[in-house]
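Here is how the chains run, residue by residue.
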Amino acid sequence: MSDNSSIRTPSQRIAWTATIVISTLVFIFLIAPILAIMPLSFSSGSYLTYPLPGLSLRWYDDFINSPRWMNSLKNSMIIGVASTLLSMVLGTLAALGLAQWKSRFKPLVLAFVLSPVVVPGVITAVGLYFFFAPIGLTGSYLGLILAHTALATPFVVITVGATLQSFDTNLARAAASLGASPLDAFRRVILPLILPGVASGALFAFATSFDEVVIVLFMAGPEQRTLPREMFSGIRENISPTITAAAVILTTVSVILLATLEGLRRRNERLKGSSA
């Protein structure tokens, strides 16, 4: 097989080289703030300055041994996991219903379901606050979980809906014709096939909840301070290098989630290729 690079014209080679250079510069521009923060988390000094006076893990030790930071991390995990589970259920059901619904109002309903993704976060936070305040859900774990669920569910709808585009509905009909109840057909036939989309949506939902700060600023009480909320307060009140350690931990969690998502995507492609 011939090498495609050997049959490119000079203009194509120039365009290809320019694309690589521009893409690399854009990537460096996007990743530079993260690369600048990471070394500061290992600084032995008490201020965020370059050059580093020395290397130390003191700020990670301060993060791990601080009840304030550990409580905020615990709150983020509790709210993130709970809202992710709710989002998986609601988003999967919504995607299944929209996939089977044939109506001229379907685009309008879909736009309404996905509106939390496109509406500015401040507007969503204000709306949720005035909706939850009269019923006493502000300043509570339940209120934050429901608010984060509303924010994260659209991501599950998008990923599961994309998976359902290639789903063969005849498989569900075949299961029903063989005597399977709707619940058994969903559990044994539909769910295993759309599981990559559900898992991808769950990862997006967890990342959305774990990194969210605007809704927490409006709705959280003193006992529901999440990790991003604690970082925001720390930046305003006392800029400590411990914030950089928290930022590195958040970045690491995001990278792990993205790597897992990419693994699920490749697994889904392999399954499609083997079934073809």
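For every chain, the first residue of its written sequence is number 1, and the numbers climb from 1 along that sequence. Whole-chain, interface and lining totals are the exception, using all residues; otherwise, since this is a predicted model, local features are given only for residues with pLDDT of at least 70 and side-chain atom pairs are given and counted only at 80 or more. For the side-chain quantities, the full set of heavy atoms in the structure was used; hydrogens and water were omitted.

As a reminder, the rule being used: UniProt positions are given in the numbering used here, feature names are shortened, and annotations may be inferred rather than shown by experiment.
As recorded in an unreviewed UniProt entry, the protein chain goes by the name Polyamine ABC transporter permease, listed as coming from Bradyrhizobium canariense. The Sequence similarities (unreviewed entry) comment attached to the protein chain in UniProt states, word for word, "Belongs to the binding-protein-dependent transport system permease family."

1. Comments concerning the nonpolar core
We count it as follows: In this text, buried Ala, Val, Leu, Ile, Met, Phe, Trp, Tyr and Cys residues form a nonpolar core when linked through side-chain atoms within 4.5 Å. Each residue gets one of three labels from its accessible area relative to the maximum for its type: buried under 20%, exposed over 50%, partly exposed in between, using a 1.4 Å probe on protein chains only. Numbering of helices and strands starts at the N terminus; helices are DSSP runs of H or I of at least 4 residues and strands are runs of E of at least 2. Note on contacts: a residue pair qualifies if any of its non-hydrogen atoms lie within 4.5 Å across the two residues.
Ranked by size, the top nonpolar core spans 14 residues in total, and within it Trp-69, Leu-227, Met-231 and Ala-246 carry the most contacts. Those elements giving two or more residues to this core turn out to be helix H9 (182-211), helix H11 (227-237) and helix H12 (242-275). Sorting elements by how many residues they give to this core places H12 first, with seven residues. Setting aside anything within four residues of it in sequence, one finds Leu-227 in contact with Phe-63, Trp-69, Ser-72, Leu-73, Ser-76, Phe-210, Ala-246 and Leu-250.

2. Describing the side chain of Thr-153
Following the sequence through the fold, Thr-153 ends up in helix H7 (residues 141-164). Judged by its relative accessible area of 11%, Thr-153 falls in the buried class.

3. Let's talk about the packing of helix H8 (residues 169-177) against H9
Here is the rule: The axes are straight lines fitted to the C-alpha atoms, using for helices just the contacting stretch, and the angles between their N-to-C directions are given from 0 to 180°. Angular relationships are summarised with four words: roughly parallel below 35 degrees, roughly antiparallel beyond 145, roughly perpendicular across 65 to 115, and oblique for the angles in between. Helix crossings get a hand from a simple test, with the near helix turned counterclockwise from the far one by less than a right angle marking a left-handed crossing and a clockwise turn marking a right-handed one. Residue type decides the class: Asp, Glu, Lys and Arg count as charged, Ala, Val, Leu, Ile, Met, Phe, Trp, Tyr, Cys and Pro as nonpolar, and the leftover types, Gly among them, as polar.
Two numbers describe how H8 lies on H9: the axes approach to 10 Å, and their chain directions differ by 165°. Taken together, the axes of H8 and H9 lie roughly antiparallel to each other. For the crossing formed where H8 meets H9, the hand is right-handed. Seen from H8, the contacting residues are Leu-171, Ala-172 and Ala-175; seen from H9, they are Ala-185, Val-189, Ile-190 and Leu-193. Along the lines of polarity and charge, the residues of the contact of H8 with H9 split into seven nonpolar, no polar and no charged.

4. What about the UniProt feature "transmembrane region" (unreviewed entry) in the protein chain?
UniProt marks residues 14-38, 77-96, 108-132, 144-164, 193-219 and 239-261 with the feature "transmembrane region" (unreviewed entry), using the numbering shown here. For residues 14-38, the end-to-end C-alpha separation is 35 Å, with 100% helix and 0% strand making up the annotated structure. In the segment residues 77-96, helix accounts for 100% and strand for 0%; the C-alpha atoms at its two ends are 28 Å apart.

5. As for the side chain of Ser-43
Secondary-structure assignment places Ser-43 in the loop between helix H1 (10-40) and helix H2 (58-64). Those residues in contact with Ser-43 that sit more than four places away from it in its chain are Leu-52, Pro-53, Gly-54, Ser-56, Arg-58 and Trp-59.

6. Observations regarding a nonpolar patch on the surface
Put simply, the rule reads: Patch membership requires over 30% relative accessible area and the absence of a salt bridge. Like charges are linked within 9 Å, and nonpolar side chains (Val, Leu, Ile, Met, Phe, Trp, Tyr) within 5 Å. Residue exposure ignores everything except the shown protein chains as possible cover, and the areas themselves are Shrake-Rupley values with a 1.4 Å probe. Salt bridges are defined by distance alone: a side-chain nitrogen of Lys or Arg within 4 Å of a carboxyl oxygen of Asp or Glu.
A surface patch of nonpolar side chains, about 520 Å² in accessible area, is lined by Leu-86, Val-89, Leu-90, Leu-93, Leu-142 and Leu-146. If you tally residues by element for the nonpolar patch, the top one is helix H3 (residues 67-100), at four residues. On the secondary structure map, Leu-90 appears in helix H3.

7. Some words on the layout of surface pockets
Note the threshold: Think of a 1 Å grid over just the protein atoms. A cavity is a set of points where a 1.4 Å probe fits yet cannot get out, a pocket is an open set with protein on both sides within 12 Å along at least five of seven lines, and lining residues have an atom within 4 Å of a point. Grid points are joined across faces, edges and corners, and a volume is the space filled by probe spheres set on the points.
A volume near 580 Å³ is recorded for the largest pocket. Taken together, the elements giving at least two residues each to the lining of the largest pocket come down to H3, helix H4 (106-113), H7, H8 and H9. Split into classes, the residues belonging to the lining of the largest pocket amount to 18 nonpolar, five polar and two charged. Forming the walls of the second largest pocket are 17 residues, and the residues nearest its centre are Ser-115, Pro-116, Thr-124, Leu-128 and Ala-150. When residues of the lining of the second largest pocket are assigned to their parent elements, the largest contribution, six residues, is made by helix H6 (residues 121-132). Counted by class, the lining of the second largest pocket contains twelve nonpolar, five polar and no charged residues.

8. Here's the deal with the pattern of salt bridges
A full pass over the atoms with the stated rule returns two salt bridges. A salt bridge links Glu-230 to Arg-68; its shortest N-O distance comes to 2.5 Å. In this pair, Glu-230 is assigned in helix H11 and Arg-68 in helix H3, connecting sequence segments 162 residues apart. Look at Glu-230 and you get buried, because its relative accessible area is 3%. The partner of Glu-230 in a salt bridge is Arg-225, and the shortest N-O contact between them spans 3.0 Å. The structure contains a network of salt bridges with shared partners spanning Arg-68, Arg-225 and Glu-230.

9. Focus on the packing of H3 against H9
Packing of H3 against H9 leaves a shortest axis separation of 8 Å and a crossing angle of 140°. Considering their axes alone, H3 and H9 lie oblique with respect to each other. Of the two elements, H3 crosses H9, and the hand of that crossing is right-handed. Contact residues: H3 offers Leu-73, Ser-76, Met-77, Ile-79, Gly-80, Val-81, Ser-83, Thr-84, Ser-87, Met-88, Thr-92 and Leu-96, while H9 offers Phe-186, Ile-190, Ile-194, Val-198, Ala-202, Ala-205, Phe-206, Ser-209 and Phe-210. Classifying every residue of the contact of H3 with H9 gives 14 nonpolar, seven polar and no charged.

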